[in-house]
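# Structure assessment
Chain by chain, the residues run as shown.
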Amino acid sequence: MIKLDKIHKAFGDNQVLRGATLHIPKGESMVIIGGSGTGKSVALKCVLGLVTPDAGTIMVDGQDVTTADRDAFLARFGMLFQGAALFDSLPVWQNVAFRLLRGSLKRPKAEAREIAIEKLRRVGLKADVADRLPAELSGGMQKRVGLARAIAADPEIIFFDEPTTGLDPIMAGVINDLIREIVVEMGATAMTITHDMTSVRAIADRVAMLHDGVIQWTGTVAEMDQTADPYVQQFIHGKADGPIEAVR
Amino acid sequence: MNLVLSPLATVGRKTLGMLAGIGRFIMFLFETISHFFRPPFYVGEFFQALLSIGYFSLPVVGMTALFTGGALALQIYAGGARFNAEAVVPQIVAIGMVRELGPVMVGLMIAARVTSSVAAEIATMRVTEQIDALVTLSTNPMKYLTAPRVLAAVIVVPILVGIGDIIGIAGGFLVSTETLGFNSATYLRNTADFLETTDIVSSLIKGAVFGGIAALMGCYYGMNSGRGAQGVGRATKSSVEAAAVLILAANFALTALLFSA
Ligand SMILES: Nc1ncnc2c1ncn2[C@@H]1O[C@H](COP(=O)(O)OP(=O)(O)OP(=O)(O)O)[C@@H](O)[C@H]1O
Ligand SMILES: [Mg+2]
């Protein structure tokens, strides 16, 4: 469903992606792991067209994203940003219901609000946060509002950039279950970035490891535990020594 | 050889850079205008912009105009006295306020108040990925953020200028009748008789142009902000500088165009 083919991206002389290639089949949950600053978020943004790759092609549903109808394409997407990226001028429920209040999915205000409150409930937030402003919420709460916004319009393809960072272990468990549920029940295709190995095990069908600008390794969770790949081994066991230089 | 060529190369690079900048800005302008005519229209955003650019600017515009009009009356009276022409105060205050000072002062206040806040707001949205989030939510940031603000400014700043003109003339009137001994009925009649429709129309045209410049500069620098708090600061500063300079330059151009015939 989503195919990245030899994606290159540099910011100035900072070569971030150097030929990353990845395939995510429809209805699968792909988790991307990799060191901080290796370009995981950049890779997601390339697929969404927020960042233009220097070279390489990205296909979604067999269509090149640079030539496809961008509006139709984005209508099927949901994205949780690493920093939540909530609109701070709008109350929480209007953030969640943003898509439902304008454009092609527009519906009556009361109905949109109801859906927003239901989505907030699914990420473990009570109805009383609905009328607060994002700035009045804690970091973890903002993250969950961002998640509710990403799933509000029941997208077919969902990207989560570190969905459990900043959450307590119980809430992280709730979110992991939710992501799994969205993939299994709604048949969505998901691409998740995380550093949290519990999360990886809970939500991944397949795991890909990004290192040095390329996908170094990819396989199922079971394969991940058995692989002899020194990069994956070092990463999942959190060792300071290994092929990945910890101190640069 | 290099001694000759390298300064030339620098000049060339600078010129190319500047031309590219102007090109980017013109594309930004045309894209903004195109969104005025292509649905969907974000009506709520537009009315909010009308309110924040227009209504909430009234106090500062009123105060600026009042003091400017008062000072103008004092100066013209003192200056006119040197060749026994004190009586021209009402006419010169009217023409000075309506043709030049009203639009320019209001334009500059809008640059200070609106350009800066629009630039800081949009730049912060850029830096915190809210602009990216808009795109992923199928909302064009130019249509959602830029178009409503620019359109609102083009509509509402002329109204502010009109109000500023009236308050400025009132300032001159108050000073003249209270301290300079003018008869109030005569003052008002002189003002009304002297002002022509073209004066007023040109004042409002200037207002629309200045409003457009102020909002566009805020949006342009905000959208193109660099990263981090420093990026926001730089975007805000540059937007106000650019808006103020462009407003004064446009004022010169418009005055030459409208009054030289
Ligand atoms: N807009 C940008 N301009 C310049 N450099 C950028 C930009 N976005 C990302 N980078 C650089 O690209 C590199 C990868 O960034 P990215 O955000 O993708 O990392 P990441 O893998 O998501 O890391 P983390 O796990 O810490 O979130 C970093 O070195 C970053 O400085
Ligand atoms: Mg990241």
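Residues numbered from 1 in each chain as written. Chains lettered and ligands numbered in written order. Predicted model: local features only at pLDDT ≥ 70, side-chain atom pairs only at ≥ 80, totals over all residues. Heavy atoms only, no water.

## A word on the overall build of chain A
Scanning chain A from N- to C-terminus turns up 9 helices and 10 strands. A compact globule built from 248 residues would reach a C-alpha radius of gyration of about 18 Å, and chain A, at 18 Å, matches this within 12%. Over its C-alpha atoms, taken along the principal directions, chain A stretches across nearly 55 × 40 × 35 Å. Counting across all 248 residues of chain A, residues that qualify as buried make up 53%. (Helix = DSSP H or I, 4+ residues; strand = E, 2+ residues; numbered from the N terminus. Rg over C-alpha atoms; globule rule 2.2 N^0.38 Å. Buried < 20%, exposed > 50% of the residue type's maximum accessible area, 1.4 Å probe, protein only.)

## Side note on the site of ligand 1
Close contacts around ligand 1 come from 15 residues, with Ser36, Gly37, Lys40, Ser41 and Gln82 of chain A the closest. Mapping the residues near ligand 1 onto chains gives chains A and B. Between ligand 1 and Arg227 of chain B, the relevant distance is 3.0 Å, taken from a nitrogen atom to a side-chain nitrogen or oxygen of the residue. Here ligand 1 has 630 Å² of accessible area as a free molecule, and 70% of this is covered by the chains. Comparing atom positions with the cavity grids shows ligand 1 to sit within the largest pocket. Contributing elements (two or more residues each) for the shell around ligand 1: strand S2 (14–24) and helix H1 (40–48) of chain A. Looking at the shell around ligand 1 element by element, the count peaks at 3 residues for H1 of chain A. When grouped by side-chain class, the residues that make up the shell around ligand 1 number 3 nonpolar, 9 polar and 3 charged. (Near = heavy atom within 4 Å. Polar contact = N/O pair within 3.5 Å; in protein donor to acceptor, adjacent residues only side chain to side chain. Areas by Shrake-Rupley, 256 points an atom, 1.4 Å probe, with all protein chains shown as cover. 1 Å grid on protein atoms, 1.4 Å probe; cavity = no way out; pocket = protein on both sides within 12 Å on 5 of 7 lines; lining within 4 Å. Sits in = over half its atoms within 2 Å of the grid points. Nonpolar A, V, L, I, M, F, W, Y, C, P; charged D, E, K, R; others polar.)

## Some details on the packing of helix H4 (residues 89–127) of chain B against helix H9 (residues 228–259) of chain B
All names here are of chain B. Between H4 and H9, whose axes approach to 8 Å, the crossing angle comes to 155°. Relative to H9, the element H4 is oriented roughly antiparallel. For H4 against H9, the interelement crossing comes out right-handed. (Axes fitted to C-alpha atoms, helices over the stretch in contact; angles between N-to-C directions. Parallel < 35°, antiparallel > 145°, perpendicular 65-115°, else oblique. Left-handed = near helix turned anticlockwise from the far one by under 90°.)

## Quick notes on the UniProt feature "transmembrane region" (unreviewed entry) in chain B
Residue and element names in this part refer to chain B. On the UniProt side, "transmembrane region" (unreviewed entry) is annotated at positions that read residues 16–37, 49–74, 150–175, 200–221 and 242–260 here. As annotated, residues 16–37 has a helix share of 100% and a strand share of 0%, and its two end C-alpha atoms lie 32 Å apart. This span, residues 49–74, is 88% helix and 0% strand, and a straight line between its end C-alpha atoms measures 37 Å. (UniProt positions renumbered as here; feature names shortened; annotations may be inferred.)

## Description of the packing of H4 of chain B against helix H6 (residues 141–178) of chain B
Residues and elements named next belong to chain B. It is the contact of H4 with H6, at a shortest axis distance of 7 Å, that shows an interaxial angle of 145°. In terms of crossing hand, the pair formed by H4 and H6 is right-handed. Split into classes, the residues belonging to the contact of H4 with H6 amount to 16 nonpolar, 5 polar and 3 charged.

## Here's the deal with the layout of surface pockets
In this structure, the largest pocket occupies an estimated 1500 Å³ of space. Lining the largest pocket are 49 residues, and of these Phe11, Val42, Lys45 and Val51 of chain A together with Arg227 of chain B lie nearest its centre. Elements with a minimum of two residues in the lining of the largest pocket: S2 and H1 of chain A together with helix H1 (2–37), H4, helix H5 (130–136), H6 and helix H8 (197–223) of chain B. When its residues are assigned to classes, the lining of the largest pocket shows 16 nonpolar, 18 polar and 15 charged. Taken as a whole, the second largest pocket holds about 720 Å³ of empty space. (Points joined across faces, edges and corners; volume = space filled by probe spheres on them.)

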